[in-house]
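Residue-level structure breakdown
Now for the letters of each chain:
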Amino acid sequence: MKNLYLLAVVLIFSACSSSGNQHAHIEGGRSQTGQPALHAVRDNQLRELMARMDSLMQERFMTEQQLDVERRKYSRQIGEAARNLSANVGTIIASMPGLQLNASEQTAFLALANKLREEAQQLQALAEQNHIDAIPDGLHEINTTCTSCHALFRKLGS
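Report follows, based on the coordinates. Counting of residues starts from 1 at the beginning of each chain's written sequence and follows it residue by residue. Since the coordinates come from a predicted model, pLDDT governs what is reported: local features require at least 70, and pairs of side-chain atoms require 80 or more to be given and counted, while whole-chain, interface and lining totals use all residues. No hydrogens and no water enter the side-chain calculation; it runs on all heavy atoms of the structure.

This part takes up the environment of Tyr74. Considering the arrangement of structural elements, one finds Tyr74 in helix H3 (residues 64–94). To sort residues, take the accessible area from a 1.4 Å probe on protein chains only and compare it with the maximum for the residue type: under 20% means buried, over 50% means exposed, and anything in between is partly exposed. The exposure class assigned to Tyr74 is partly exposed, which follows from its relative accessible area of 36%. Note on contacts: a residue pair qualifies if any of its non-hydrogen atoms lie within 4.5 Å across the two residues. Setting aside anything within four residues of it in sequence, one finds Tyr74 in contact with Ile132 and Ile135. Here a helix means four or more residues in a row that DSSP labels H or I, a strand means two or more in a row labelled E, and each is numbered from the N terminus.

This part takes up the nonpolar core. Core analysis: the biggest nonpolar cluster contains 10 residues, these being Ile78, Ala82, Val89, Ala113, Leu116, Ala120, Leu123, Ala127, Ile135 and Ile142. Among the elements of the structure, H3, helix H4 (103–128) and helix H5 (135–157) are those that each provide at least two residues to this core. Considering each element in turn, this core owes the most residues, five residues, to H4. If we ignore the near neighbours within four places in the chain, the residues touching Ala82 are Ala120, Leu123 and Gln124. Grouped together as the second largest cluster of nonpolar side chains are seven residues, Met96, Leu101, Leu112 and Cys149 included. We call a set of buried Ala, Val, Leu, Ile, Met, Phe, Trp, Tyr and Cys residues a nonpolar core when their side-chain atoms join them within 4.5 Å.

Take a side-chain nitrogen of Lys or Arg and a carboxyl oxygen of Asp or Glu: if they are within 4 Å of each other, that pair is a salt bridge. One pass over the full model with this rule turns up five salt bridges. Between Arg71 and Asp68 there is a salt bridge; the shortest N-O distance is 2.8 Å. Here Arg71 and its partner Asp68 are both found in helix H3, three residues apart, which amounts to about one turn of the helix. Judged by its relative accessible area of 34%, Arg71 is partly exposed. Relative accessible area serves as the criterion here: at 30%, Asp68 is assigned to the partly exposed category. For the salt bridge of Glu70 with Lys73, the shortest nitrogen-to-oxygen distance reads 3.8 Å. Remark: Lys73 and Glu70 occur in helix H3; sequence separation between them is three residues, near one turn of the helix. Its relative accessible area of 38% is what places Lys73 among the partly exposed residues.

Turning our eyes to something else, we now look at the packing of H3 against H4. Orientation of H3 relative to H4, taken along the N-to-C sense of each, is 160°, at an axis distance of 8 Å. The orientation of H3 with respect to H4, classified from their angle, is roughly antiparallel. Read as a crossing pair, H3 and H4 show a hand that is left-handed. Residue-level contacts link Ser75, Ile78, Gly79, Ala82, Arg83, Leu85, Ser86, Val89, Gly90, Ile92 and Ile93 of H3 to Phe109, Leu110, Ala113, Asn114, Leu116, Arg117, Ala120, Gln121, Leu123, Gln124 and Ala127 of H4. For the contact of H3 with H4, the per-class residue count stands at 13 nonpolar, seven polar and two charged. Helix axes use the C-alpha atoms of the stretch in contact, all axes being lines fitted to C-alpha atoms, and the angles between their N-to-C directions lie in the range 0 to 180 degrees. In this scheme, roughly parallel covers angles under 35 degrees and roughly antiparallel covers those over 145, while 65 to 115 is roughly perpendicular and the rest are oblique. Crossings are sorted by hand: turned counterclockwise from the far helix by less than a right angle, the near helix makes the crossing left-handed, and turned clockwise it makes it right-handed. In the scheme used here, Gly and all other residues not listed as nonpolar or charged are polar, with Ala, Val, Leu, Ile, Met, Phe, Trp, Tyr, Cys and Pro taken as nonpolar and Asp, Glu, Lys and Arg as charged.

The next point concerns a nonpolar patch on the surface. Think of a patch as exposed residues, more than 30% relative accessible area, with no salt bridge, where like charges cluster within 9 Å and nonpolar side chains (Val, Leu, Ile, Met, Phe, Trp, Tyr) cluster within 5 Å. The Shrake-Rupley method, run with a 1.4 Å probe sphere, supplies the accessible areas, and residue values consider only the shown protein chains as cover. Together, Leu46, Met50 and Met53 line one region of the surface with nonpolar side chains, adding up to about 310 Å² of accessible area. Looking at the secondary structure, you find Met50 in helix H2 (residues 38–60).

It is worth spelling out H3 at this point. Think of an α-helix as 3.6 residues a turn; residues three or four steps apart then line up on the same face. What a helix is expected to span follows from its residue count: subtract one and scale by 1.5 Å. For H3, spanning 31 residues, the distance from its first C-alpha to its last is 46 Å, which sits close to the expected 45 Å at 1.5 Å a residue. Asn88 marks where H3 bends most, by close to 30°. Within H3 the residues assigned to the buried category are Ser75, Ile78, Gly79, Ala82, Ser86 and Val89. A residue's bend is simply the angle between two axes: one fitted to the seven residues ending at it, one to the seven starting at it.

Dropping the structure here:
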């Protein structure tokens, strides 16, 4: 009888031990299978979506003053980029000898480079004066000038 009792105790302890368990337990009583739990992945995705929704809601409810601050910041960035573009037109002009252009091509190249400088200066002025609505038109003009020049001269310099 004593042996039977001892055998029962051993069986109970072996059944309760974690060595025979395929799943290791982590805090909270959840089991760890070695693969990320689906609920944890979904939890992270849900947190990211909620954070994005919160951000969108905050943007939607910005005060007029907060929107003005953002517009001024945008204008400063555009103005700085336009100033840098205008300052770099000299570098563009300095590349002209490497293009081996004839006289009429040189005239066209210089005209486009000077037009780019003027448009960049105009865009800088618009940005400094916070004329946000006029900025897209100024950017379009600069893009058109760049595209025209590249269509005419970029292959020559390659």
